[in-house]
Amino acid sequence: MSQPPTAPAPVTVLVVDDSKLARAVAVRLLRQARPDWVAREAANADEAATIVAAEPVDMALLDFNMPGKDGLALAEDLRTTRPGMPIAVISANIQDEVIARARELEATFLAKPLTGEALAGFLSGVSLRLRRGGTP
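Quick caveat, the model's predicted, so the values are computed rather than measured.

Asks: What is the right way to look at the overall build of the protein chain in this model?
Replies: Counting its secondary structure elements, the protein chain contains 5 helices and 5 strands. What you see in the protein chain, going N to C, is helices and strands ordered as β-α-β-α-β-α-β-α-β-α. Dimensions of the protein chain, computed from C-alpha atoms along their principal axes, come out at roughly 60 × 30 × 25 Å. Expressed as a percentage of the 136 residues in the protein chain, the buried residues total 40%. For the protein chain, contacts bridging at least 24 residues in sequence account for 65% of all contacts bridging at least 6. Of the accessible surface of the protein chain, which amounts to about 7600 Å², a share of 54% is contributed by carbon and sulfur atoms. Taking the average location of the 15 positive side-chain charges in the protein chain and that of its 17 negative ones, the two points are 7 Å from each other.

Asks: When you look at the pattern of salt bridges in this model, what are you seeing that I'm missing?
Replies: Opposite charge on two side chains makes pairing possible when the charged atoms of those side chains draw close. Applying the stated criterion across every chain, the model contains 7 salt bridges. R23 is the partner of E41 in a salt bridge, and the nearest nitrogen-oxygen pair spans 3.2 Å. Note that E41 is positioned in strand β2 (residues 38-42) and R23 in helix α1 (residues 20-33), a separation of 18 residues in sequence. Across the salt bridge formed by K112 and D63, the nearest N and O atoms sit 3.1 Å from each other. Taken together, the positions of K112 in the loop between β5 (108-111) and α5 (116-131) and D63 in strand β3 (residues 59-63) put the pair 49 residues apart, joining distant regions of the chain. Within the structure, one salt-bridge network assembled from shared partners comprises D17, D63 and K112.

Asks: I keep staring at the environment of L105 and nothing clicks. Help me out?
Replies: Turning to its location among the elements, L105 is positioned in the loop between α4 (96-104) and β5. Along the chain, L105 and L74 lie 31 residues apart, while their C-alpha atoms are 10 Å from each other. In this structure, L105 is in contact with L72, A75, E76 and R79, ignoring residues within four places of it in sequence.

Asks: Which parts of the structure should I look at to understand the pairing of β3?
Replies: Remark: a regular strand shows side chains that alternate across the two faces of the sheet. Most of β3 is tucked away, with 5 of its 5 residues classed as buried. The alternating pattern of β3 places M59, L61 and D63 and A60 and L62 on opposite faces, both of which are buried. In the sheet, strand β1 (residues 12-16) pairs with β3 via 4 bridges, with the strands oriented parallel. Its bridge partner being in β3, V15 is matched across the sheet by L61. Summarising the sheet, β3 and strand β4 (residues 87-91) pair through 4 bridges and their orientation is parallel. For D63, the partnering residue across the bridge sits in β4 and is I90. For the segment spanning β3, helix α3 (residues 71-81) and β4, crossover handedness is right-handed.

Asks: Please explain the environment of I87 as it appears in this structure.
Replies: Summarising the element assignment, I87 is placed in strand β4. On the basis of relative accessible area, I87 is assigned to the buried category, the value being 1%. Sequence spacing of I87 and L72 is 15 residues, and the spatial spacing of their C-alpha atoms is 10 Å. Not counting chain neighbours up to four residues away, the residues in contact with I87 comprise A60, L62, A75, L78, R79, A107, T108 and F122.

The rules behind each value
Residues numbered from 1 in each chain as written. Predicted model: local features only at pLDDT ≥ 70, side-chain atom pairs only at ≥ 80, totals over all residues. Heavy atoms only, no water. Helix = DSSP H or I, 4+ residues; strand = E, 2+ residues; numbered from the N terminus. Buried < 20%, exposed > 50% of the residue type's maximum accessible area, 1.4 Å probe, protein only. Contact = heavy atoms within 4.5 Å. Areas by Shrake-Rupley, 256 points an atom, 1.4 Å probe, with all protein chains shown as cover. Lys, Arg positive; Asp, Glu negative; His and termini not counted. Charge placed at Lys NZ, Arg CZ, Asp CG, Glu CD. Salt bridge = Lys/Arg side-chain N within 4 Å of Asp/Glu carboxyl O. Pairing = 2+ DSSP bridges. Right-handed = clockwise from strand over helix to strand, strands pointing away.

Right, here's the structure in full:
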C-alpha cells in the first residue's frame, strides 16, 4: 500500500525587529498574506541567531536599525550559513547606501512603514521559488 502524501512543512518566517509594535505589524501582515506560514519573532540579532541555530527557518524579515548588530550585518551572517534564504531588510532609513548594501547581500529592501502590498509582493516571489523547488 502506498502512503498518502504528507503535507509540506509550513514555511517558517523569522521576523526580527527591536520594536515589539513593528514585529506585531509584520506578523499581522504576514498572517493576512500567508495564514498557513509560521512566524518566529526575535527582538535582536542575538535572539535571531539562537532561533536559526535551533530550528529550520525558511526566510527572514529584518529591521535595519537595531541596537547591537543591525539588519544588514545580520543578513550578512545569514548569507554565510543560509546562502539561498530569502531575506528582506525593512527600514524607514531610505538611503541609497542602505538599499545598495541590501542588494549586495541579495536581500530585498522594503520601506517602513511596512504595507501589506509591499510584503505581499516579496512573499509572492518567495512562494514562486518554493513552488519551483528552489532553496527557500
